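Here is what each chain is made of, one letter per residue.
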There are 2 protein chains.
Amino acid sequence: MGVRKERSADTAAALKEAAKRQFVERGYLNTKITDITAAAGRATGSFYEHFASKDDLLRELEAELHEQAGAGILEQHPADHDLTNPEHLRAHVAAAWNTMQANLPVVIALYESAIATGEDPGRLWQELVTSTGTLREHLEDLRRQGRSLPGDPQLVAAAMGALLSSLGYALLRADDAGFSDEEVIDTLTRLLLTGLSGAE
Amino acid sequence: MGVRKERSADTAAALKEAAKRQFVERGYLNTKITDITAAAGRATGSFYEHFASKDDLLRELEAELHEQAGAGILEQHPADHDLTNPEHLRAHVAAAWNTMQANLPVVIALYESAIATGEDPGRLWQELVTSTGTLREHLEDLRRQGRSLPGDPQLVAAAMGALLSSLGYALLRADDAGFSDEEVIDTLTRLLLTGLSGAE
DNA sequence: GTCTATATACAGATAGAC
DNA sequence: GTCTATCTGTATATAGAC
């Protein structure tokens with residue numbers, strides 16, 4: 001209360017915001033601690049008063065993202081069920097796309113971070129599996145209802161997740177690709193729903 | 001001729017082979033020059049007698065890959081045409097998958113290198129566009145024949161490419177995912193052909 | 001051309017004054 | 001808590017003997 005200058009209001013928050021901007025501009029891996037502090041108008045040393053490392057900061061951003069509306073990048077979905085219903089599927093795709101877009105800085109950072117971690121080569125697959133958990137369950141429901149799927153629910157779910165995240169990463173960073181969000185969502189919905197053969 | 005010891009036969013080739021092995025084991029970004037030279041049984045300094053940098057080495061590997069049978073990662077395809085024919089599509093998917101697998105070290109390296117280059121944020125999208133060029137042409141052919149596609153050929157082609165490369169990267173590095181190549185190829189074929197709704 | 005030893009560059013992290 | 005200055009660790013790259 002009564003604080004005029006916001007400069008020192010909350011440095012941690014300022015650093016987080018600056019970091020997000022940098023992640024979009026330069027990518028996570030290319031962003032240095034000094035880029036973040038400079039963008040936030042703080043000194044280098046101040047960073048470590050609030051975060052132990054760049055990865056630590058990312059984990060906090062990730063936690064914030066997960067807190068918000070329990071929305072996992074690819075898990076969020078509206079009412080739900082019956083992915084073979086065009087409206088439902090479209091809503092699902094739109095939710096995933098919009099979530100990705102709304103949290104682009106963190107999505108970018110997590111993606112790059114996962115790639116760069118050469119330690120555990122299977123980590124990306126694991127993250128893909130966990131991030132598409134609810135999607136897999138929906139597919140398993142479908143299968144139980146006697147519908148035939150293109151393949152193992154886990155594999156299909158992972159494929160859909162890979163498609164969304166990968167295309168999203170490439171497309172959302174290139175702001176001049178020339179496709180509107182709506183067009184992307186519509187196209188992906190149709191592709192996932194009826195494939196290349198079309199509905200008929 | 002008449003050389004007994006192969007050790008000094010061709011250091012450049014030895015370094016390339018060692019690099020490929022390291023790229024698979026540790027990932028490209030995590031592989032240090034010293035990892036490569038050590039794996040090749042050479043001294044650190046020798047590396048620079050043959051390559052200007054790690055990126056330079058990667059570009060040579062990339063060139064080699066492109067020389068072989070003019071096979072772009074996702075461009076290779078058999079006879080061709082009519083992607084709505086199950087056998088043709090499957091052959092196409094299989095070719096892409098097998099090419100990716102056969103050149104896994106370079107695929108991994110190029111992928112990680114593209115991600116890490118925060119300089120040009122649109123580079124990944126550009127690479128996606130160029131690597132799916134022939135696929136896009138096929139789709140345009142289909143459209144000219146009056147068939148309805150899920151969306152713009154460029155966007156659909158890019159989506160397919162993103163699906164293949166991203167899932168391939170995740171899956172081929174995790175050797176314990178539990179899916180055979182055949183199962184993956186079959187599943188992707190069906191997903192791309194008829195989507196979640198199935199053929200009927 | 002290959003080696004060992006060393007130099008350069010720089011990001012990450014810390015120390016200590018304020 | 002924030003700052004400036006500095007240290008450390010590490011990867012890239014070079015120098016110079018063989």
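Basis of the calculations
Residues numbered from 1 in each chain as written. Chains lettered and ligands numbered in written order. Predicted model: local features only at pLDDT ≥ 70, side-chain atom pairs only at ≥ 80, totals over all residues. Heavy atoms only, no water. Contact = heavy atoms within 4.5 Å. Buried area = accessible area lost by both parts, 1.4 Å probe. Helix = DSSP H or I, 4+ residues; strand = E, 2+ residues; numbered from the N terminus. Nonpolar A, V, L, I, M, F, W, Y, C, P; charged D, E, K, R; others polar. Least-squares fit on C-alpha atoms with pLDDT ≥ 70 in both. Near = heavy atom within 4 Å. Polar contact = N/O pair within 3.5 Å; in protein donor to acceptor, adjacent residues only side chain to side chain. Domains from an automatic or database assignment. Salt bridge = Lys/Arg side-chain N within 4 Å of Asp/Glu carboxyl O.

Another point: the interface of chain A and chain B. Taken together, the contact between chain A and chain B spans 55 residues of the former and 55 residues of the latter. With both chains or domains summed, chain A and chain B bury close to 4600 Å², and 69% of this area falls on carbon and sulfur atoms. Mapped by element, the contributors of at least two residues to the side of chain A that touches chain B are α1 (11-26), α6 (104-116), α7 (123-131), α9 (153-173) and α10 (181-194) of chain A. Classifying every residue of the side of chain A that touches chain B gives 32 nonpolar, 13 polar and 10 charged.

Quick look at the relation of the copies chain A and chain B now. Superposition of the two copies of the chain requires a rotation about an axis together with a shift along that axis. Superposition of chain A onto chain B requires a rotation of 180 degrees combined with a translation of 0.0 Å along the rotation axis, giving an RMSD of 0.1 Å. The two molecules are tied by a two-fold rotation axis, judged by turn and shift. A share of 100% of interface residues in chain A that are also interface residues in chain B marks the association as one of identical surfaces.

Attention shifts here to the protein's contact with DNA strand C. Taken together, 15 residues lie around DNA strand C, and Y48 of chain A together with T11, A43, S46 and H50 of chain B are the ones closest in. For DNA strand C, the backbone makes up 69% of the atoms found within 4 Å of the protein, where backbone means sugar plus phosphate. In the model, a phosphate oxygen of DNA strand C is placed 3.1 Å from a nitrogen or oxygen of the I33 of chain A main chain. H50 of chain B places a side-chain nitrogen or oxygen 2.6 Å from a phosphate oxygen of DNA strand C.

On to the domain arrangement of chain A. All names here are of chain A. According to the domain assignment, chain A consists of domain 1 (1-51) and domain 2 (54-197). Contact between domain 1 and domain 2 buries roughly 1500 Å² in total, counting both sides, with carbon and sulfur atoms accounting for 69%. Taken as a group, K16, F23 and Y28 account for 42% of the area that domain 1 buries against domain 2, more than any other trio of residues on that side. In this assembly, domain 1 and domain 2 are joined by two salt bridges. Here K16 and E64 are joined by a salt bridge, their closest N and O atoms 2.7 Å apart. Where domain 1 packs against domain 2, one counts seven residue pairs in polar contact (both at pLDDT 80 or more). Contributing elements (two or more residues each) for the side of domain 1 that touches domain 2: α1 and α3 (47-50). It is α1 that provides the largest number of residues to the side of domain 1 that touches domain 2, a total of seven residues. Looking at the side of domain 1 that touches domain 2, its residues break down into eight nonpolar, three polar and four charged.

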